[in-house]
Amino acid sequence: MAAYEERITKLELVIKWKCGTDEVRKIIQEELANSVSSSKDTHTSINDATSTILSELNDKKRRENNIIIFGVDEKEDNGDAKHADLEIVTKMLKTCKVSAEGLNDIPKITRLGRKQQEKTRPILVSFGSIAYKSVFFKNIRNLQTNDDYKSIRINNDLTKSEREGEAALRGEAKKRNEKETGGFVHRVKGPPWNRKIVKIKTKIRED
């Protein structure tokens, strides 16, 4: 049974971000066909894994064109707030060289969660195409070097399992930073399908 659990884990890694529904089903069918044992528990484990993986894939697909923006001040009046959010998001996208076509193809800009006192809700932005999102991230340095956006943070719209993985990586990076003594800093970098901890040389300030 342990061997099957290991194969299921490998399946999840291979499928993650690389396969569609048909490919997933094909891989699972091959696992069943290659099964030495046809026990009920083995089939149940693989079928459960199939359901979990397909659910994850569907969730990824639903979120793949989205970004989430943190740290944008929220106005009190709902009407003014929506207009203000549209203005600042449009300005940010222009700063990152998203085309006019891309600006006109934004299906959704909305605050997430219920409005609460003394709490700023993040903004979800949904691009009409992954290509527009790619352009945005390609030029995101334009925001990072602009003082107008120094308090703003931007993430991909992650699934629950991705958020858990991200939290684990950041926790590990924090531990490494606490132990680091050689003038390096550890950061979590990379696209959503290949996040990893990288070791970066810190810059020495010259007086």
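Up top is the structure.
Residues numbered from 1 in each chain as written. Predicted model: local features only at pLDDT ≥ 70, side-chain atom pairs only at ≥ 80, totals over all residues. Heavy atoms only, no water.

### Here's the deal with the sheet that holds strand E3 (residues 123-126)
Strands pair in a sheet through their backbones, by hydrogen bonds, and they do so in one of two ways: parallel or antiparallel. Strands sit in the order E2-E3-E1-E4 across an open sheet of 4 strands; the sheet is antiparallel. Two strands lie at the open edges of the sheet, namely strand E2 (108-111) and strand E4 (153-156), each paired on one side alone. Taking the axes of each pair of neighbouring strands and ignoring which way they run, one obtains an average angle of 20° across the sheet. In this structure, strand E1 (residues 66-70) lies alongside E3, joined through 4 bridges in antiparallel fashion. Looking across to E3, one finds that Asn 66 is bridged to Ser 126. (Pairing = 2+ DSSP bridges. Helix = DSSP H or I, 4+ residues; strand = E, 2+ residues; numbered from the N terminus. Axes fitted to C-alpha atoms, helices over the stretch in contact; angles between N-to-C directions.)

### Quick look at the nonpolar core
Ranked by internal contacts, the top residues of the largest apolar core, which has 18 residues, are Ile 69, Phe 136, Leu 143 and Ile 154. For this core, the secondary structure elements donating two or more residues are E1, helix H4 (78-95) and E3. With 3 residues, H4 is the largest single contributor of residues to this core. When residues no more than four places from it in sequence are discounted, the contact partners of Ile 154 are Ile 67, Ile 68, Ile 69, Met 92, Phe 136, Phe 137, Ile 140 and Leu 143. (Core = buried A, V, L, I, M, F, W, Y, C linked by side-chain atoms within 4.5 Å. Buried < 20%, exposed > 50% of the residue type's maximum accessible area, 1.4 Å probe, protein only. Contact = heavy atoms within 4.5 Å.)

### Some thoughts on the pattern of salt bridges
For side chains bearing opposite charge, pairing can occur when the charged atoms are close. What the rule picks out here adds up to 10 salt bridges. For Asp 59, the salt bridge goes to Arg 62, with nearest N and O atoms at 2.7 Å. You can see Asp 59 and its partner Arg 62 sitting in helix H3 (residues 40-63), 3 residues apart, about one turn around the helix. Among the ionic pairs, Glu 172 bridges to Arg 176, the shortest N-O distance being 3.1 Å. Taken together, the residues Glu 172 and Arg 176, both in helix H8 (residues 160-179) and 4 residues apart, mark about one turn of the helix. (Salt bridge = Lys/Arg side-chain N within 4 Å of Asp/Glu carboxyl O.)

### Thoughts on H8
Here H8 contains 20 residues, and its C-alpha end-to-end distance of 29 Å stays within 8% of the 28 Å for a straight helix at 1.5 Å per residue. Those residues of H8 lying buried are Glu 162, Glu 166 and Ala 173. Down the axis, H8 shows its buried residues gathered within 35° of arc, on one side only. Those residues of H8 that are exposed and angled more than 90 degrees off the buried face are Lys 160, Ala 167, Ala 168, Lys 174, Lys 175, Glu 178 and Lys 179. (Expected span 1.5 Å × (residues − 1). Arc of directions from axis to C-beta.)

### Regarding unusual backbone geometry
Backbone geometry at Lys 97 places phi at a positive 65°, although glycine is not the residue there. Mapping Lys 97 onto the fold places it in the loop between H4 and helix H5 (100-103). By relative accessible area, which is 56% here, Lys 97 ends up exposed. The backbone of Glu 118 sits at a positive phi, close to 60°, despite the residue not being glycine. Summarising the element assignment, Glu 118 is placed in the loop between E2 and E3.

### Concerning the packing of aromatic side chains
Under the counting rule described, the total for this entry stands at 2 aromatic pairs. A ring pair is formed by Phe 127 and Phe 136, whose centres lie 5.9 Å apart and whose planes are at 45°; its orientation type is tilted. In this pair, the class of Phe 127 matches that of Phe 136, namely buried. Pairing Phe 136 with Phe 137 gives two aromatic rings, centres 5.5 Å apart and planes at 80°, and the pair type is edge-to-face. (Phe/Tyr/Trp six-rings, centres within 6.5 Å; stacked < 30°, edge-to-face > 60°.)

### Overview of the environment of Asn 139
In this fold, Asn 139 is placed in the loop between helix H6 (130-138) and helix H7 (141-144). On the basis of relative accessibility, which here comes to 17%, the residue Asn 139 falls in the buried class. Excluding anything up to four places from it in sequence, Asn 139 contacts Cys 96 and Lys 97. Side-chain polar atoms of Asn 139 contact the backbone oxygen of Val 135, separated by 3.0 Å. (Polar contact = N/O pair within 3.5 Å; in protein donor to acceptor, adjacent residues only side chain to side chain.)

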